[in-house]
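Breakdown of the fold
One-letter residues, chain by chain:
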Amino acid sequence: MYMISMATAAARYYGYYGYGTRSTGREYLLDILLMLAMMILPLLAQIHVSSTFSKYSRVGNSRGLTADQVARLILDSNGLYHIKVEHIKGRLTDHYDPTANVVRLSDAVYGERSVAAIGVAAHECGHACQHAENYGPIIWRSKLVPITNFCSRLWYIVLVIGILLSSLTIGTSLIYLSIALFMAVVVFQIVTLPCEFNASSRALKTLEQDNILELREVPLAKKVLTAAALTYVTSLVSSMIQLLRLIMAVRRR
């Protein structure tokens, strides 16, 4: 029975997305292209940020500072003495945790002297400064986190149930509900963009004005941060494509 129900769900799922007899060749091709773009764009962005970081990880800063030392300097210069700088396992898992008042730097950043590592550390300190200044987008982003976590876990489940029950009125209602839940995820990603761009802008400005990096080194750090920002952009584009696919599928019904 389980296998039968799974097969039924799969058949209805692909039929719902336009792979059934009601779809035209043009609709089928468009959906395939959208699906490929949705998968490939984030992958290319991740490859780009990884290769860019690796390239500039081999370029040391002329002042000999480590990324964690730079983070401490930036935090202290902004009066954020209470925020700690800690080491965290992983590669590019760097983040600022406002609940614990900690800037966490990954294996590839903490203790490293490259312009890439320093750029990433400064970026995370930019987030700390945003919270300290009650920067609008970061406050909204923090408020949206629990809602987004809930919606991101639930939307797909609701969609599949809705497709299984698509012959009933409640099935259609669930499908619309899944779209609404997914839209909450898209809104969160939209709010995230100004937070990331602003943090990078703050980082580069500080690195230059405080003479942490030499003028010739700042553009190298900028390339790393720009590549990182691109991952957020492509993630948003991918989500918007997914949202478009859902809306197109509903309109075809």
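Residues numbered from 1 in each chain as written. Predicted model: local features only at pLDDT ≥ 70, side-chain atom pairs only at ≥ 80, totals over all residues. Heavy atoms only, no water.

Turning our eyes to something else, we now look at the sheet that holds strand β2 (residues 95-97). Taken in spatial order, the three strands of this open sheet run β1-β3-β2, and their pairing is mixed. Edge positions in the sheet fall to β1 (84-87) and β2, since each has one partner strand and no second. This sheet shows a mean twist of 25° between the axes of neighbouring strands, independent of strand direction. Here β1 pairs with strand β3 (residues 102-105) via four bridges, running parallel. Residue pairing for β3: E86 is matched across the bridge by R104. On the sheet, helix α3 (residues 67-77) packs against β1 and β3 and is oriented at approximately 165° with respect to β1. (Pairing = 2+ DSSP bridges. Helix = DSSP H or I, 4+ residues; strand = E, 2+ residues; numbered from the N terminus. Axes fitted to C-alpha atoms, helices over the stretch in contact; angles between N-to-C directions. Contact = heavy atoms within 4.5 Å.)

With that settled, consider the environment of L230. Turning to its location among the elements, L230 is positioned in helix α7 (residues 218-252). L230 sits in the partly exposed class, given a relative accessible area of 35%. The spatial distance from the C-alpha of L230 to the C-alpha of L41 is 10.0 Å, given a sequence separation of 189 residues. For L230, the residues in contact, after removing those within four places along its chain, are A45 and H48. (Buried < 20%, exposed > 50% of the residue type's maximum accessible area, 1.4 Å probe, protein only.)

Before going further, it helps to spend a moment on unusual backbone geometry. Of note, the phi angle at N101 is positive, near 55°, even though the residue is not glycine. Among the secondary structure elements, N101 is positioned in the loop between β2 and β3. Although it is not a glycine, N211 adopts a positive phi angle of roughly 55°. Position of N211 among the secondary structure elements: in the loop between α6 (169-209) and α7.

We now examine the pattern of salt bridges. The tally for this structure, following the rule as stated, stands at eight salt bridges. Measuring nitrogen to oxygen at the nearest pair gives 3.3 Å for the salt bridge that ties R216 to E214. You can call R216 exposed: its relative accessible area is 58%. Measuring nitrogen to oxygen at the nearest pair gives 3.9 Å for the salt bridge that ties R216 to E217. If you follow the salt bridges from partner to partner, you end up with K84, E86, D97 and R104 in one network. (Salt bridge = Lys/Arg side-chain N within 4 Å of Asp/Glu carboxyl O.)

Time to look at the packing of α3 against helix α4 (residues 115-132). At a minimum axis separation of 8 Å, α3 and α4 run at an interaxial angle of 30°. In this view, α3 runs roughly parallel relative to α4, as classed from their interaxial angle. In this structure, α3 crosses over α4, and the sense of that crossing is right-handed. Across from A67, V70, A71, I74 and L75 in α3, the residues of α4 making contact are A117, I118, A121, A122, C125 and A128. Tallied by class, the residues present in the contact of α3 with α4 amount to 11 nonpolar, no polar and no charged. (Parallel < 35°, antiparallel > 145°, perpendicular 65-115°, else oblique. Left-handed = near helix turned anticlockwise from the far one by under 90°. Nonpolar A, V, L, I, M, F, W, Y, C, P; charged D, E, K, R; others polar.)

Turning next to the state of the cysteines. Following the criterion strictly, the structure yields zero disulfides and no others. Considering cysteine sulfurs only, C125 is the nearest to C129, which forms no disulfide, with 6.8 Å between them. (Disulfide = S-S within 2.5 Å.)

Further remarks concern a nonpolar patch on the surface. On the surface, a cluster of nonpolar side chains totalling about 890 Å² of accessible area is made up of L29, L33, L36, M39, I40, L41, L43, L44, I47 and V237. Among the elements that line the nonpolar patch, the one with the most residues is helix α2 (residues 25-56), at nine residues. When you line up the elements, L44 lands in helix α2. (Patch = residues over 30% accessible without salt bridge, like charges linked within 9 Å, V, L, I, M, F, W, Y side chains within 5 Å. Areas by Shrake-Rupley, 256 points an atom, 1.4 Å probe, with all protein chains shown as cover.)

The next thing to look at is the side chain of S238. Take S238: it is sitting in helix α7. A relative accessible area of 12% means that S238 is categorised as buried. A polar contact of 2.8 Å, which involves the side chain of S238, links it to the backbone oxygen of M38. In this view, S238 contacts M38 and P42; residues no more than four positions away in its chain are not counted. (Polar contact = N/O pair within 3.5 Å; in protein donor to acceptor, adjacent residues only side chain to side chain.)

Using the criterion set out here, one finds two aromatic pairs in the structure. Centroid distance W155 to Y156: 5.6 Å. Interplanar angle 85°. Geometry classified as edge-to-face. A relative accessible area of 9% places W155 in the buried class. Plain terms: the ring middles of W155 and F182 are 4.6 Å apart, the flat faces sit at 55° to each other, and that makes the pair tilted. On the criterion of sequence distance, the pair formed by W155 in helix α5 (residues 136-164) and F182 in helix α6 is long-range, its members being 27 residues apart. Side by side, W155 and F182 carry an identical accessibility label, which is buried. Grouped by ring-pair contacts, the aromatic residues W155, Y156 and F182 constitute a single cluster. Cation over ring: K143 sits above W140, and NZ or CZ is 5.3 Å from the ring centre. Over the ring of Y135 we find R202, and its NZ or CZ is 5.7 Å from the ring centre. (Phe/Tyr/Trp six-rings, centres within 6.5 Å; stacked < 30°, edge-to-face > 60°. Lys NZ or Arg CZ within 6 Å of the ring centre and 35° of its normal.)

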